[in-house]
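Results of the structural survey
Below, each chain spelled out in residue letters.
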Amino acid sequence: MTDKKTQVELMREEMWETFFQEVEDLLEKLETQLLDIDSNGSSEDLIAGLFRTMHTFKGTTGMMGLANIQDLAHCAEDAMDLVRNNKMALESNTIDLLFKTLDKFSDASKTVKETKQDIQQSDVADLIGEFKEVISSEPHNPTDDSSDNGITFGIIENQVTEIDNEYVSAFFELAWENIKLIKGALSEETSNLEDIFEFCEELLHAAQHIGITEGLTALQIFTESIKNNSDSRELIASGLNELSHTLWDLEDLFDLGKLSLSPPTDDAQLSEGSQLSEGSDTCSDPNTGFLGLSKEAF
Amino acid sequence: MQPKSLMIVDDSTVMRKLIAQIFMDNKHISIKAEAANGEEALKQLRTVNPDLILLDIEMPKMDGLEFLRRAKLRCAAKIVILSSVAAVGSERASKAVKLGADAIISKPSGTVSFDIGPKCGEEITNTVSKLLGLH
């Protein structure tokens, strides 16, 4: 029992040490970011950066049970949220208020270092009042992510339901990266086919994940052939060249808004079907493989 | 049985440390990697190949939602969003659901200085264990 207590005490001490170090870093970062905004104006990136640092400061103080410091940080975060969403201009009075808040945080961290306890609610009440005044004078209150109804999602049974443009862009980025890696590996005589197989498998997984079903079987065959080392490297290289071209075509279609993808369902994962919109038939030939890559190429 | 591997992605050192402490004595789960943002995590993903990723949303360089898309494209790891914006009604949490997050739970708040130990992070442990089939 004594050992257990000691271990808990040690863990707690370690957490406080980590906390003080993090707070020091965050306060330094907040000051740098605010000074930057004050002297260079409020660009989108600077505002987003200050919001994020304030968000982390809020979360970190909250985790340590410093509710009053957290409350003040929450108000500052709310104000920055309005600014970053263009719902409030960052006037000089708000910048002054943020500087005063940083001074308060700095004093508070010294107190907490000595006492390992939160500061008093009365220590932050004035500044919180000032933030509320600034925020309430705006037509919109913070909405997103400030909702705290106590109900969380928990474990989610459904799979991905939205393939947004960022998802598709990320797919193309990954696909090009992997093609480059496969080509690079193929150019080295001593390269290991296992590495190439991993890149292919990753590409296959990505294609399935965002619901590309067109010619998926061909990519599976291609990946298998690499796994089993059943094709010559020249043949693999030739297939990859073709893949690069057709991937390019597909990306063009996406840029033109002619590629529509929907999340895969369990049944649809292995079936083939076109995701191309009306009028775009480049990849819909049933004799073509993944992204139009000829099966004969393998 | 080989322990399941975990990756923690959070810009708060305190949070990463807390999670490490929560799983310290768990012989079924091993923390294989930590990252302070999505960009750092993505660089490690291929070599670490974790079974599960605990992911914050609000982070510099690459935020949690962007990392979620990229990680889901790259691997089959379960992804648990661990965020102060976990509540139903939050726009970003709803987006994470649509993008394929496997669970969304709240960060422990106000617990570290008082309740550290086995009870701290019970929701995290239960969710992670369930998703990894350890229950």
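Structural data are supplied above this passage.
Residues numbered from 1 in each chain as written. Chains lettered and ligands numbered in written order. Predicted model: local features only at pLDDT ≥ 70, side-chain atom pairs only at ≥ 80, totals over all residues.

**Considerations on the overall build of chain A**
Within chain A one finds nine helices and one strand. From first element to last, N terminus to C terminus, chain A shows the α and β order α-α-α-α-α-β-α-α-α-α. Within chain A, the proportion of its 298 residues that are buried is 34%. Taking the intrachain contacts of chain A between residues at least 6 apart in sequence as the baseline, contacts between residues at least 24 apart amount to 71%. (Helix = DSSP H or I, 4+ residues; strand = E, 2+ residues; numbered from the N terminus. Buried ≥ 20, exposed ≤ 12 C-beta atoms within 10 Å, placed from the backbone. Contact = placed C-beta atoms within 7 Å.)

**Here's the deal with the overall build of chain B**
Helix and strand counts for chain B come out as six helices and five strands. A buried classification covers 53% of the 135 residues belonging to chain B. In chain B, 64% of the contacts between residues at least 6 apart in sequence involve partners at least 24 apart.

**Here's the deal with the pairing of strand S3 (residues 52-55) of chain B**
Residue and element names in this part refer to chain B. Taking every second residue as pointing to the same face, both faces of S3 are buried, with Leu52 and Leu54 on one and Ile53 and Leu55 on the other. Both strand S1 (residues 4-9) and S3 contribute to a ladder of four bridges, which runs parallel. Across the sheet, Ile8 pairs through a bridge with Leu54, a residue of S3. Direction of pairing for S3 relative to strand S4 (residues 78-82): parallel, over a ladder of four bridges. Note on S4: the bridge partner recorded for Leu52 is Lys78. A crossover connection joins S3 to the parallel S4 through helix H3 (residues 64-74); in handedness this β-α-β unit is right-handed. (Pairing = 2+ DSSP bridges. Right-handed = clockwise from strand over helix to strand, strands pointing away.)

**Some remarks on the sheet that holds strand S5 (residues 103-105) of chain B**
The sheet built from six strands is open, its strands ordered S1(A)-S5(B)-S4(B)-S3(B)-S1(B)-S2(B) with mixed pairing. The open sheet has two edge strands with one neighbour each: strand S1 (154-155) of chain A together with strand S2 (29-35) of chain B.

**Quick word on the packing of helix H4 (residues 92-115) of chain A against helix H5 (residues 121-136) of chain A**
Residue and element names in this part refer to chain A. At their nearest, the axes of H4 and H5 sit 11 Å apart, and the two run at 155 degrees to each other. What the angle tells us is that H4 and H5 run roughly antiparallel. Between H4 and H5 the crossing geometry is left-handed. Within the contact between the two elements, H4 uses Thr94, Leu97, Lys100, Thr101 and Lys104 and H5 uses Val124, Leu127, Glu130, Phe131 and Val134. Partitioning the contact of H4 with H5 into residue classes produces five nonpolar, two polar and three charged. (Axes fitted to C-alpha atoms, helices over the stretch in contact; angles between N-to-C directions. Parallel < 35°, antiparallel > 145°, perpendicular 65-115°, else oblique. Left-handed = near helix turned anticlockwise from the far one by under 90°. Nonpolar A, V, L, I, M, F, W, Y, C, P; charged D, E, K, R; others polar.)

**Digging into the nonpolar core**
Grouped together as the largest cluster of nonpolar side chains are 67 residues, with contacts concentrated most on B:Leu55, B:Val80 and B:Ile81. With nine residues, helix H3 (residues 67-84) of chain A is the largest single contributor of residues to this core. Apart from residues lying up to four places away in sequence, B:Val80 is in contact with B:Leu52, B:Leu54, B:Leu55, B:Asp102, B:Ala103, B:Ile105, B:Thr127, B:Val128 and B:Leu131. With 26 residues, the next largest nonpolar core counts A:Phe199, A:Cys200, A:Leu219 and B:Leu73 among its residues. (Core = buried A, V, L, I, M, F, W, Y, C linked by C-beta atoms within 7 Å.)

**Here we look at helix H2 (residues 44-63) of chain A**
Here H2(A) contains 20 residues, and its C-alpha end-to-end distance of 29 Å stays within 8% of the 28 Å for a straight helix at 1.5 Å per residue. With 15 of 20 residues buried, H2(A) lies mostly within the body of the structure. (Expected span 1.5 Å × (residues − 1).)

**Looking at H5(A)**
Along its 16 residues, H5(A) runs 21 Å from first to last C-alpha, staying within 8% of the 22 Å computed at 1.5 Å per residue. Along its length, H5(A) shows its largest kink, about 30 degrees, at A:Leu127. (Bend = angle between axes of the 7 residues up to and from the residue.)

**Some details on the packing of helix H2 (residues 38-48) of chain B against H3(B)**
Residues and elements named next belong to chain B. Here H2 crosses H3 at 10 degrees, and the two axes come no closer than 9 Å. When the interaxial angle is binned, H2 and H3 end up roughly parallel. Contact residues: H2 offers Gly38, Ala41, Leu42 and Leu45, while H3 offers Gly64, Glu66, Phe67, Arg70, Ala71 and Arg74. Across the contact of H2 with H3, the residue classes tally to five nonpolar, two polar and three charged.

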